[in-house]
Every structure is written in structure tokens, then in C-alpha cells.
Amino acid sequence: MSALTDAYRLPGLQFSTFRMSPVRLEITAETNEHCAACPQCGRVSGRVHGYYWRHPQDLPCGEKAVQFSLRVRRFLCLNPACPTQTFSAFRNDLPAFSRRTRRLGVVLAKLGFGMGAEQAATNSHVLHISTSPDAILRLMKTQPLPNTWTPRVLGVDDWAIRKGQTYGTILIDLERHQVIDVLKDRSTAVLRDWLKAHPGIEIVTRDRASDYSRAVTEAAPKALQVADRWHLLCNISGLVREWILRERTKWKEVISTVKTELREPESSNKIGRKTGEGRRQQYQEVMLLGKAGGTYKEIAAQTGIPYATVRWWLRGDGSPDDRSPLSESHRDKIKACWTAGIDSSLEILRQLKEMGYTGSVDPVRRLLYHLDLEQGLQGRSVPARPRAHRRDFNTTALTRLLTMPKSFLADKDQRFVNLVCAGDREIAAGYALIQRFRNMFLNLTVDNKVNLQSWLSEAARSTVVELRQFAASVERDFGAVSAALTLHWSNAQTEGQVNKLKLIKRRHFGRASFELLRRCVLLA
């Protein structure tokens, strides 16, 4: 019992009884202050006016909830001019009018910060603590915020309060890997005021937004600004995409020629592929490779035959002379059903599945359509064969090939890019500039500052409009971009903290106001 008394002892309390029920541990105690100071006038009084009872909850004991029954003294204020006639002595561990001890409130608030008020209220019942989501929200709002400090390396990024409408700003200490503050706006004035209140920042990493650039320049002119490398890569990919879309006709012609050149060496291996003899040769080749232990995917890649056809042949569902998944027994079954008056293709498909048919419903519908035509029936419409959407080139894939370093490309992709550049002089010159800029990201050295200056002078004379515009924007932000290519600092960690902020925001099911969300981010 002494160990239990020590565990739940609060300063200024005198324990009297412990009563254990099946679900609760009830502790009876009494306050033992002989005098207290009036909270209104501060005059010390030792005159007892009366007593009253309080029943706060405390941290659980094992599988039992803990509840105090406290007999609290009420003192009479001895100052006749004081409006407070009677008062009680409240301690830090038991706030006024609170139905739980302070340490229990701190635990519940931490649960709310960690998993959201709704989930914390659900889990608190498992811990034998009786509470509600609203009570946890009130506790979370009363927790004191940590003191902000001035970091040496600051990460700045925006986040969406309401996507497309209102945005805030998150500030990260990149050396401590910790959120410093969350601001309600992403304007220049808000960040400038915060930076002025926290002088001494040496490095600021940011995206390429002009508002943040102006704020840092005005409030912390001595701080070194570092542009985020990921945003620079997004910028270079965006300009390549715009270039391709603007001169789509020229790119189509070049790529069509390249595809023709790449197809010519393989044409000798595909002669007779559409003829009966060529298809039977393919069938024999597939069967031999299948017996040798090749997988469907390996055989399809080696022979150039579609994966579905390889699988169809190796499973024994079809022959080289039969291009339909319907075997002769399947056709007889369909004709028998049609003769019996069953004209539902789905019903016939169900019966064919029982016979081992693995195809779709479209061949069944086509055969029923032709059976109707033989009898002069025109009620059924034949299903249209799916037509492949043929594209001359994929803009996204082409952008990726042009912006990725050559050393990262496969041999066939390198050959494709080389042929595209050989087909047009402007494309070759633009691709060379893109690769030079991209290769500076592979090795962050001080030489990149000189290399960037040389690159800007050549890009400014390029015939590609998008490259000239990008070079002009980099020239305006030369200090931050050159720092990004020479220093290891970046905004990657800040982006990760923004992702964490979004997760915290979703935990509260839309109930998190900005102030509550700020507390959750800073205290989580």
C-alpha cells in the first residue's frame, strides 16, 4: 500500500482511505494547507470558512481507473475591501474546476496530438480513462507552445490550408530536423516580419517563389539563399514539355523517321508473320521455348509475339490456325444454345466458363451476330472491336528521355535519343544544353558556379524560346541557383515536414482550425 501511496501522492494531500472496486480504485484524501493567499488581493488567510468535495480522475492503475475524493478547505478572505469573500488554494497539479489531474490532462493531450482527438478518445477507453473527443480538443488547446528559436539553417515552404485558395508557410530548422513555426499566410510581409523577429539566420533554403525571395532579401540580406534542386529539375522538365508541345509537328516528323529507321533492321525477322506458314513457325518456336522452361514474359520478349498469344498457345487453348479463343466445341455449344432460344450472350458465356473457356464475351457476341444474319435477323448489333489508340509519341516519356542524364538511359533509349538529335540540328543543340544543366546536379562542386555562368550565356543565345526564358529566370535568381548546385542543403526535408503536416491535418477529420493545427505540428 505504501508503494501505491507514493505513486499517487500529490503535494499538499493527506490520504485517508483506499477502496478497490472491480473497475475503479477510489482514493480519499484531504488538503492539509493551514493558510493560503487570496487569488484576488493576495492577502494570506488562515481562517477556514468551510469544506467541499472534488472528484478528479488520475492516471489509471493497471486495469482500473483511478478517482480521487478530495475534501478541500475553503478560506475566508480577511480583506474587507476584496470582492472575493471565500477562496480555495489551488495547486498546479489540480487546476481549478478541472475534473482530472494535470498529469492526466497532459497524457490525454499527447494522445490527441499523436493520433487525433477522435482516435485518442477511442483508445483512452482501452486505457480505462473516461473522456470524449471534445474534452481532448480542449486539453490540446490549453497546452503551452514551445519557445521559438533562431536557427542557423532555415527551410521555408508553403502548404495548402485550402488547396487552390489559401496557403500558409512552414519553417524548419534543417540542422535539428524540427518545425520551428507555422504561419497563416505565404506572403512576403508575413515571412519578412518573422525573419526580422529572429535575426541571425545564415542560410535559407526555399523554392523559387518570388515572395519568399523578396522577404529574405529585405529581412535577412546577409543570409545565403539556396534554391531547391527538385524545383529546378521540375522547371527544366516543364520547359522541355512546352518545347515539344509548341513544335509538335516537327517532333512528329523527326520521331516518325526515327521509328522507321529502328524498324528496318528487324523487318527481316518478321517476314511472313501474318501468313499461315509464318504463324505456324512462330507457334513451333514458342512451344520449343516453353518446353525449355521459358516464362511467358521471356518468350514474348525474345520472339516479339504478344504476351497474350504466347500464354494462349502454351496453355493449349488455341492453335496457330485458330485466331479466336473459341474452340470447335465452344462454337458447337453456342450454336446449340442459339437453336434452343438462348440469345443472352452472358448466359452462354456462363455455360462456356463451365466448359473451361477463358476468353471474353466479345467472340460470343460476334458469333451470335453472324448466326442472326444467316437467318435474316437484324436485331442484334455486333460489338465493335477495340481499336488501339495509336500515338505518334508520348510527350511525358519523351520529356523523361531528354531530361534524364545519358548515363542513366538504357542502350535502346540512348540510341533512340541519338537518332532524334541527328534528325534535327535545333533539337541536338537544345538537348546538349539540357544535358549540360542536368549533369551539374550529379556532382555538387564549387566549379558549378562557373559552369552555370557559362551555361547561361549559351542558353541566352539558343534558338529554343523556352530555354532562353528559363535562362533569364535563373539569371534573376543566380545566387540561390548557384548555391543549390554547390552546397548540399536543399528543401527536401521541408517537403517531408509538409507531408507530415498534411497527415496531422487529416487526423482531425476537418475539425482542426489553424491554431489547433499549429499546436499539433509544434507539439506532436
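All values reported here derive from a predicted model rather than from experimental measurement.

Basis of the calculations
Residues numbered from 1 in each chain as written. Predicted model: local features only at pLDDT ≥ 70, side-chain atom pairs only at ≥ 80, totals over all residues. Heavy atoms only, no water. Helix = DSSP H or I, 4+ residues; strand = E, 2+ residues; numbered from the N terminus. Buried < 20%, exposed > 50% of the residue type's maximum accessible area, 1.4 Å probe, protein only. Contact = heavy atoms within 4.5 Å. Arc of directions from axis to C-beta. Pairing = 2+ DSSP bridges. Axes fitted to C-alpha atoms, helices over the stretch in contact; angles between N-to-C directions. Parallel < 35°, antiparallel > 145°, perpendicular 65-115°, else oblique. Left-handed = near helix turned anticlockwise from the far one by under 90°. Nonpolar A, V, L, I, M, F, W, Y, C, P; charged D, E, K, R; others polar. Phe/Tyr/Trp six-rings, centres within 6.5 Å; stacked < 30°, edge-to-face > 60°. Lys NZ or Arg CZ within 6 Å of the ring centre and 35° of its normal. Core = buried A, V, L, I, M, F, W, Y, C linked by side-chain atoms within 4.5 Å. pLDDT = per-residue confidence, 0-100. Salt bridge = Lys/Arg side-chain N within 4 Å of Asp/Glu carboxyl O.

(A) Region of interest: the overall build of the chain. From N to C terminus, the chain includes 22 helices and 13 strands. Evaluated residue by residue, the chain yields a buried proportion of 41% over its 524 residues. In the chain, the share of contacts with a sequence separation of at least 24, taken over all contacts with a separation of at least 6, comes to 59%.

(B) Examining helix H6 (residues 210–219) more closely. Turning to H6, its buried residues are Tyr-212, Ser-213, Ala-215, Val-216 and Ala-219. Along the axis of H6, the buried residues cluster in a sector spanning 165°; they form a single face. The inward-facing, buried residues of H6 contact strand E9 (153–162), strand E10 (166–173), helix H5 (188–197), strand E12 (203–206) and strand E13 (224–227).

(C) Seen up close, unusual backbone geometry. In this structure, His-128 is a non-glycine residue whose phi angle is positive, near 65°. Looking at where His-128 falls in the secondary structure, it is placed in the loop between helix H3 (117–126) and helix H4 (133–142). The class of His-128 is partly exposed, set by a relative accessible area of 32%. Backbone geometry places His-177, a non-glycine residue, at a positive phi of 60°. Along the chain, the position of His-177 falls in the loop between E10 and strand E11 (178–183). Exposure remark for His-177: the relative accessible area of 53% places this residue in the exposed category.

(D) Representation of the sheet that holds E10 in the model. Overall, mixed pairing links the 5 strands, which are arranged E11-E10-E9-E12-E13 in an open sheet. Unpaired on one side and paired on the other, E11 and E13 mark the two borders of the sheet. Direction aside, the axes of adjacent strands within the sheet are offset by 25° on average. Sheet analysis places E12 next to E13, joined by 4 bridges and oriented parallel. For Thr-205, the partnering residue across the bridge sits in E13 and is Val-226. Against the sheet, H5 touches E9, E10 and E11, its axis set at about 130° to E11. The strands that helix H21 (residues 492–507) touches are E9, E10, E11 and E12; relative to E9, the one it contacts most, it runs at about 35°.

(E) Spotlight on H5. Every buried residue of H5 is accounted for by Thr-188, Leu-191, Trp-194 and Leu-195. Buried residues of H5, viewed axially, fall in a sector of 140°; they line one side. Structural note: H5 exposes Lys-196 and Ala-197 on the side pointing more than 90 degrees away from its buried face. Buried residues along H5 sit against E9, E10, E11 and H6.

(F) Structural view of the packing of helix H12 (residues 328–339) against helix H14 (residues 362–374). In the contact formed by H12 and H14, the axes pass within 11 Å of each other and the chain directions differ by 55°. Relative to H14, the element H12 is oriented oblique. As H12 runs across H14, the sense of the crossing is right-handed. Within the contact between the two elements, H12 uses Arg-331, Ile-334, Lys-335 and Trp-338 and H14 uses Val-364, Leu-367, Leu-368, Leu-371 and Asp-372. Here the residues of the contact of H12 with H14 are counted per class, giving 6 nonpolar, no polar and 3 charged.

(G) Looking closely at the environment of Ala-109. For Ala-109, the location among the structural elements is in helix H2 (residues 102–115). Residue classification places Ala-109 among the buried residues on the basis of a relative accessible area of 1%. Separated by 27 residues in the primary sequence, Ala-109 and Ile-136 place their C-alpha atoms 6.1 Å from one another. Among residues more than four places away in sequence, those in contact with Ala-109 are Leu-139, Met-140 and Gln-143.

(H) Just the packing of aromatic side chains, in detail. Per the stated rule, a full pass over the model turns up 8 aromatic pairs. Pairing Trp-243 with Trp-251 gives two aromatic rings, centres 5.3 Å apart and planes at 80°, and the pair type is edge-to-face. On the accessibility criterion, Trp-243 (0% relative accessible area) is buried. Seen from their ring centres, Phe-437 and Trp-455 are 4.8 Å apart, and the 40° between their planes marks the pair as tilted. You can see Phe-437 sitting in helix H17 (residues 425–439) and its partner Trp-455 sitting in helix H18 (residues 447–459), a full 18 residues away along the chain. With relative accessibility at 0%, the residue Trp-455 sits in the buried group. An aromatic cluster is present here, built from Phe-437, Phe-441, Trp-455 and Phe-470 joined pairwise through their rings. Sitting above the plane of the Tyr-51 ring, Arg-71 keeps its charged end 3.8 Å from the centroid. Taking NZ or CZ as reference, Arg-186 lies 3.9 Å from the ring centre of Tyr-167, over its face.

(I) The arrangement of the nonpolar core in detail. Core analysis: the largest hydrophobic core is formed by 74 residues, its most contacted members being Trp-251, Leu-452 and Trp-455. The contact partners of Leu-452, leaving out residues within four places of it in the chain, are Phe-437, Met-440, Val-474, Phe-478, Val-481, Ser-482 and Leu-485. Leu-171, Leu-183, Leu-195 and Ala-223 belong to the second-largest nonpolar core, a separate cluster that totals 17 residues.

(J) Quick look at the confidence of the model for the chain. On average, residues of the chain score 84 in pLDDT, and 89% of them are at 70 or above. Here residues 266–274 is modelled with pLDDT under 50, and outside its nearest four sequence neighbours on either side it reaches 8 contacts, counting other chains as well. Long-range and interchain partners of residues 384–390, a stretch whose pLDDT sits below 50, account for 2 contacts in this model, where long-range means more than four residues apart.

(K) Broad picture of the packing of H5 against H6. Relative orientation of the contacting elements H5 and H6 amounts to 30°, with a least axis distance of 8 Å. Considering the relative orientation of H5 and H6, their crossing is right-handed. Within the contact between the two elements, H5 uses Thr-188, Leu-191, Arg-192, Leu-195 and Lys-196 and H6 uses Asp-211, Tyr-212, Arg-214, Ala-215, Val-216, Glu-218 and Ala-219. Residues belonging to the contact of H5 with H6 are distributed by class as follows: 6 nonpolar, 1 polar and 5 charged.

(L) Representation of the pattern of salt bridges. Counted according to the given criterion, the structure contains 19 salt bridges. Of the charged contacts in the structure, one is a salt bridge between Arg-350 and Glu-347, with a shortest N-O distance of 2.6 Å. Here the residue Arg-350 and the residue Glu-347 both occupy positions in helix H13 (residues 345–354), the gap between them amounting to 3 residues, near one helical turn. Of the residues examined, Glu-347 reaches a relative accessible area of 29% and is grouped as partly exposed.

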